[in-house]
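Chains, contacts and geometry: an overview
Given next are the chains, with one letter for each unit.
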Amino acid sequence: MNFYERQAAARLHSRWLIVAFALAITVVVLVLTACVLMVFVAREDIEATHGVGAGMNPLNFAMANPDLAVATALFWLAIIMGASVLKSLGLRDGGGSVARALGGTRVDRSTTDPDLQRLRNVVEEMALASGVPVPETYVLDDEHAINAFAAGHSPANAAVTVTRGTLNRLTREELQGVIAHEFSHILNGDMRLNIRMIGWLYGLMVIAIIGRTALRLAPGSRKGGAAMVATGAAMMVLGYLGLGLGRLIQAGVSRQRERLADASAVQFTRNPQGLKGAFLKIAAMPVHGRLGAGRVDEIAHMLFVPGISSLLATHPSLGERIQALDPQFDPRRLTQEAAEYLRAWERARGVQPPGSPPAAAGECASGVERLQSQLLPAVAPELALQVGNPDRLQIAVAREMRLALPAGLLSHMDSPPAARALMLAVLLAREPAARAQQLALIGAPGTAALSPEAGAALAAALPLADSLSPWLRLPAVLELFPALRRLARGERIQLSGLVMQLGNSDRSVDLFEFCLARLVFNSLIDELEGRQAHGPAALGTSYRPLGVLFSVLAWHGAPGDPAAAARSFQAGIARVLTQRQPPFEVPADWPRRLWTALTQLEGLNPIAKRSLIEALVATIAHDEQVTLGEAELLRTVCAVLQCPLPPLLPGVQR
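Thresholds applied
- Think of each chain on its own: its residues are numbered from 1, step by step along the sequence as written.
- Per-residue local features of the predicted model are confined to residues with pLDDT of at least 70, and side-chain atom pairs are confined, for both listing and counting, to 80 or more; whole-chain, interface and lining totals are unaffected and use all residues.
- The side-chain numbers reported here are obtained from all heavy atoms of the structure, hydrogens and water having been left aside.
- Starting at the N terminus, helices and strands are each numbered in turn, a helix being any DSSP run of H or I of at least four residues and a strand any DSSP run of E of at least two.
- It only takes one pair of heavy atoms within 4.5 Å for two residues to be counted as in contact.
- Computed with the Shrake-Rupley method and a 1.4 Å probe, the accessible areas treat only the protein chains shown as cover for residues.
- Each pair of strands is called paired provided DSSP finds at least two bridges between the two strands.
- Note on method: axes are straight lines fitted to C-alpha atoms, helices fitted across the in-contact stretch only, with angles between N-to-C directions ranging 0 to 180 degrees.
- Only protein chains enter the area calculation, which uses a 1.4 Å probe; residues under 20% of their type maximum are buried, those over 50% are exposed, and those in between are partly exposed.
- Only four residue types enter the tally: Lys and Arg on the positive side, Asp and Glu on the negative side, with His and both chain ends excluded.
- Basic side-chain nitrogens of Lys or Arg form a salt bridge, by our definition, when they fall within 4 Å of a carboxyl oxygen of Asp or Glu.
- Polar contacts here mean pairs of N or O atoms no more than 3.5 Å apart (in protein, one a potential hydrogen donor and the other a potential acceptor; neighbouring residues in sequence count only if both atoms are side-chain atoms).
- To sort the angles, those under 35 degrees are grouped as roughly parallel, those over 145 as roughly antiparallel, those from 65 to 115 as roughly perpendicular, and the leftovers as oblique.
- Any residue outside Ala, Val, Leu, Ile, Met, Phe, Trp, Tyr, Cys, Pro, Asp, Glu, Lys and Arg is labelled polar, Gly included; the first ten of those are nonpolar and the last four are charged.
- By this rule the span expected of a helix is its residue count minus one, scaled by 1.5 Å.
- For a crossing to be left-handed, the near helix must be turned anticlockwise from the far one by less than a right angle; the clockwise case is right-handed.
- Remark: nonpolar core denotes a set of buried residues (Ala, Val, Leu, Ile, Met, Phe, Trp, Tyr, Cys) joined through side-chain atoms within 4.5 Å.
- To count toward a patch, a residue needs a relative accessible area over 30% and no salt bridge; like charges are then connected within 9 Å, while nonpolar side chains (Val, Leu, Ile, Met, Phe, Trp, Tyr) are connected within 5 Å.
- pLDDT measures the predictor's confidence residue by residue and takes values from 0 up to 100.
- Classification of ring pairs uses Phe, Tyr and Trp, with its six-membered ring standing for Trp, and accepts pairs whose centres are within 6.5 Å; under 30 degrees between planes counts as stacked, over 60 as edge-to-face, and the remaining range as tilted.

**Side note on the overall build of the protein**
- Of regular secondary structure, the protein possesses 26 helices and six strands.
- Partitioning the intrachain contacts of the protein with sequence separation of at least 6 by distance along the chain shows that 78% fall at a separation of at least 24.
- About 27200 Å² of surface is accessible on the protein, with carbon and sulfur atoms providing 59% of the total.

**Things to note about the sheet that holds strand 3 (residues 148-151)**
- Strands sit in the order 1-2-4-3 across an open sheet of four strands; the sheet is mixed. Edge positions in the open sheet fall to strand 1 (105-106) and strand 3, since each of these has one partner strand only.
- Where strand 2 (residues 136-140) and strand 4 (residues 159-163) come together, five bridges link them in parallel fashion. By the bridge assignment for strand 4, Thr 137 is matched with Val 160.
- Docked against the sheet, helix 8 (residues 172-187) engages strand 3 and strand 4, running at close to 25° with respect to strand 3.

**So, the side chain of Glu 182**
- Counting through the fold element by element, Glu 182 comes out in helix 8.
- Among buried Asp, Glu, Lys and Arg side chains, Glu 182 stands out as unpaired, with Arg 321 the closest opposite charge at 7.0 Å.
- Polar side-chain contacts of Glu 182 include one of 3.1 Å to the backbone nitrogen of Ala 150.
- If sequence neighbours within four positions are ignored, Glu 182 has contacts with Ala 148, Phe 149, Ala 150, Met 302 and Phe 304.

**What about the side chain of Thr 619?**
- Along the polypeptide, Thr 619 turns up in helix 25 (residues 606-621).
- Within the structure, the side chain of Thr 619 is placed 3.4 Å from the backbone nitrogen of Gly 572, a separation counted as a polar contact.
- For Thr 619, the residues in contact, after removing those within four places along its chain, are Phe 550, Leu 553, Ala 554, Ser 568, Phe 569 and Gly 572.

**Some remarks on the packing of helix 20 (residues 489-503) against helix 21 (residues 511-524)**
- Taken N-terminus to C-terminus, the directions of helix 20 and helix 21 make an angle of 170°; their axes are 9 Å apart at the nearest point. On the basis of their axis angle, the class for helix 20 and helix 21 is roughly antiparallel. Side by side, helix 20 and helix 21 meet where Arg 492, Leu 495, Ser 496, Val 499, Met 500, Leu 502 and Gly 503 of the first sit next to Glu 513, Leu 516, Ala 517, Val 520, Phe 521 and Leu 524 of the second.
- For the contact of helix 20 with helix 21, the class distribution of residues is nine nonpolar, two polar and two charged.

**Overview of helix 21**
- With 14 residues, helix 21 extends 20 Å from end C-alpha to end C-alpha; this agrees with the ideal 20 Å at 1.5 Å per step.
- Most of helix 21 sits inside the fold, with 14 of its 14 residues counted as buried.
- Where helix 21 begins, the capping side chain belongs to Asp 510, and its oxygen is found 3.2 Å from the backbone nitrogen of Phe 512.

**Focus on the environment of Pro 644**
- Along the chain, Pro 644 falls in the loop between helix 26 (628-640) and strand 6 (651-652).
- Among the residues examined, Pro 644 registers a relative accessible area of 6% and is labelled buried.
- Note: C-alpha distance between Pro 644 and Ala 129 (515 residues apart in sequence) is 9.5 Å.

**Thoughts on the pairing of strand 4**
- Most of strand 4 sits out of view: five of its five residues are buried.
- Residues Ala 159, Thr 161 and Thr 163 line one face of strand 4 and the alternating positions Val 160 and Val 162 line the opposite face, and both faces are buried.
- Where strand 3 and strand 4 come together, four bridges link them in antiparallel fashion. Across the sheet, the residue bridging to Ala 148 is Val 162, located in strand 4.

**Re helix 25**
- Here helix 25 is 16 residues long and its end C-alpha atoms lie 23 Å apart, about the 22 Å a rise of 1.5 Å per residue gives.
- Burial runs high along helix 25: 13 of the 16 residues are buried.
- Taking the backbone nitrogen of Ile 607 as reference, a side-chain oxygen 3.0 Å away marks Asn 605 as the first, capping residue of helix 25.

**Side note on the packing of helix 11 (residues 272-284) against helix 12 (residues 318-325)**
- Running from N to C, helix 11 and helix 12 cross one another at 160°; their axes reach a closest spacing of 10 Å. When the interaxial angle is binned, helix 11 and helix 12 end up roughly antiparallel. The two elements helix 11 and helix 12 meet at a crossing, and its hand is left-handed. For the pair helix 11 and helix 12, the contacting residues are Pro 272, Leu 275, Lys 276, Phe 279, Leu 280, Ile 282 and Ala 283 in the first and Leu 318, Arg 321, Ile 322 and Leu 325 in the second.
- Partitioned by chemical class, the residues of the contact of helix 11 with helix 12 number nine nonpolar, no polar and two charged.

**Overview of the pattern of salt bridges**
- For the structure shown, the criterion picks out 20 salt bridges.
- A salt bridge links Glu 125 to Arg 399, with the nearest nitrogen and oxygen atoms 3.4 Å apart. Of this pair, Glu 125 sits in helix 6 (residues 114-130) while Arg 399 sits in helix 15 (residues 392-404), placing them 274 residues apart in sequence.
- The buried category is assigned to Glu 125, whose relative accessible area is 0%.
- The class for Arg 399 is partly exposed, based on a relative accessible area of 33%.
- By sharing partners, the salt bridges in this structure join Glu 125, Arg 172, Arg 399 and Arg 402 into a single network.

**So, the nonpolar core**
- Judged by nonpolar contacts, the single largest core of 88 residues is most densely connected at Met 423, Leu 484, Leu 546, Phe 550, Leu 594 and Leu 612.
- By residue number, the principal contributor to this core is helix 21, which donates 10 residues.
- Leaving out residues up to four positions away in the same chain, Leu 594 has contacts with Phe 514, Val 548, Leu 549, Val 552 and Leu 633.

**Thoughts on a nonpolar patch on the surface**
- Taken together, the side chains of Val 70, Leu 74, Leu 77 and Met 81 present a nonpolar region at the surface, about 330 Å² in accessible area.
- Here Val 70 lies in helix 4 (residues 66-90).
- Using a relative accessible area of 46% as the deciding quantity, one classes Val 70 as partly exposed.

**Considering the confidence of the model for the protein**
- Summarising the model, the protein shows a mean pLDDT of 79, and 83% of its residues fall at 70 or more.
- Low pLDDT, under 50, characterises residues 351-380; the predicted model gives this stretch 40 contacts beyond four residues in sequence or across chains.

**A few points about the packing of aromatic side chains**
- Going through the model one piece at a time under the given rule, you end up with six aromatic pairs.
- Judged by centre distance (5.2 Å) and plane angle (5°), the ring pair of Phe 279 and Phe 304 falls under stacked. With Phe 279 in helix 11 and Phe 304 in the loop between helix 11 and helix 12, this pair connects stretches of sequence that are 25 residues apart. For the residue pair Phe 279 and Phe 304, the accessibility class agrees, reading buried in each case.
- Arranged with centres 5.5 Å apart and planes meeting at 50°, the rings of Phe 569 and Phe 584 form a pair that is tilted.

Structure below.
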């Protein structure tokens, strides 16, 4: 199953989940309504009040009093849905809010803890290899079991959290397997499902909470106490029954997604031994990954391994998961093999050779160039299949790219003001007159002007921005997003507006300025709206947006050669529109038209997006070379479509 099929499956699961939870909520609401109506039926004065005879049951009473029955049902439905919405709104800030609620501590890039540095390095490498913004990283310092989870609504606001036990007990190879597993959840749309389930389950649980509170507050002897006790008991029982039904639905979906994440992690790393080793160490520990943090039951389905003991298994057994990685493994020998593996690791722990010193930036840059010749042949239709599926080569490239980033970048990766300053500095023109005009715009009243302190930070960031190699600009920007996401909503909007103003300061937006503005918008503003990752639209309904996109891409792949650009345009557009193709034309206001086109293409279904990316690659590869602009635009389009593209370096295809 490739990325697009997994995305389509996730959409199908979302629909079935909505139906299943709607049925569960309907059952709970109907039974609660019946319980309330029974109270009215049981009242001694019911015949005098409502003019009905003896032997009345809730159904007959509801038919005789439809307004009361409907109002009661709507009351319970409002409580459940209101609680779900409030819980979901509390998680709107993304995965970081979930991590902090469990006591997680954010891992700064400037940390001196070697275990935390290794964690950050692995997370950044996986993000660069996957083509997604670097997620925030958290550690649960008080948890000594081995466990982890990824949370968020989309890759733009994701957070990866691991326990201290994971850092202390896993080798880098094993840690990479765990992080690859969590990145699979990020890429496959599982996080959105998980966040939704937290909200829905809380809506069912709040009924039990209200019932429990009613029982505690019910008067023991006064009139009406017995009815209040009965109602409270019914609410509590029904609330927990509804919650149990919801957890049953949750567990069934979670087990399937965990199997897929294990398989994807192996596909990413091409190393099943890392993930297998992590499972064996978990099996060898008495706690088996269980966490002590409060409210962990709410996120049990999101964890790498179950964090609580439960009758409803949210994960396959460890033996089953290891056997899926190694068909020769016998689950009956799990305890024995886990103990042997742990003893061997503990013996080797004291004799491991020290790590090699970090390479110099120049050596890292040359390493990227060496790997470039291996990546460029991937510029073919097969590249679309690598979306959401980075392999070992791309992870190696990501490691080289991370090491090649200037050392000064580290000081900008944890501070939101410093990250904002570097983001803007990257946009400033090299030509002195144009740069002076942009700096004047930044300080002009009536614009999204920066404060004097922010202006000073921008000036300090200019040398670093000027030193960035062109092919490192977007990787460097992606490293800044964790810090930029911590800006207040108003500051995010201000930054996005300023990025657009700087790009248009000379009334001419170049391709990099467009790409950066769109990435900032999607990563810092658009994700706040919680949009669906994919829609139902087909390619045939997107005639005009496709014409704009392919025209702009072909033109920037062959600037100054309209005939060559037209041939590249035709090579791609014919793959997605077989009956009638739009003409090749690049409008003068192409940035505005392209922005609108990308927004419209977000609504394509996952399989249509695969065909679109294959066609875009065909346009790029038609002249057998990849320009920097083509690579940046393709990466931006894939980011907007929420189809993250692994590293693609500019150069001539061999």
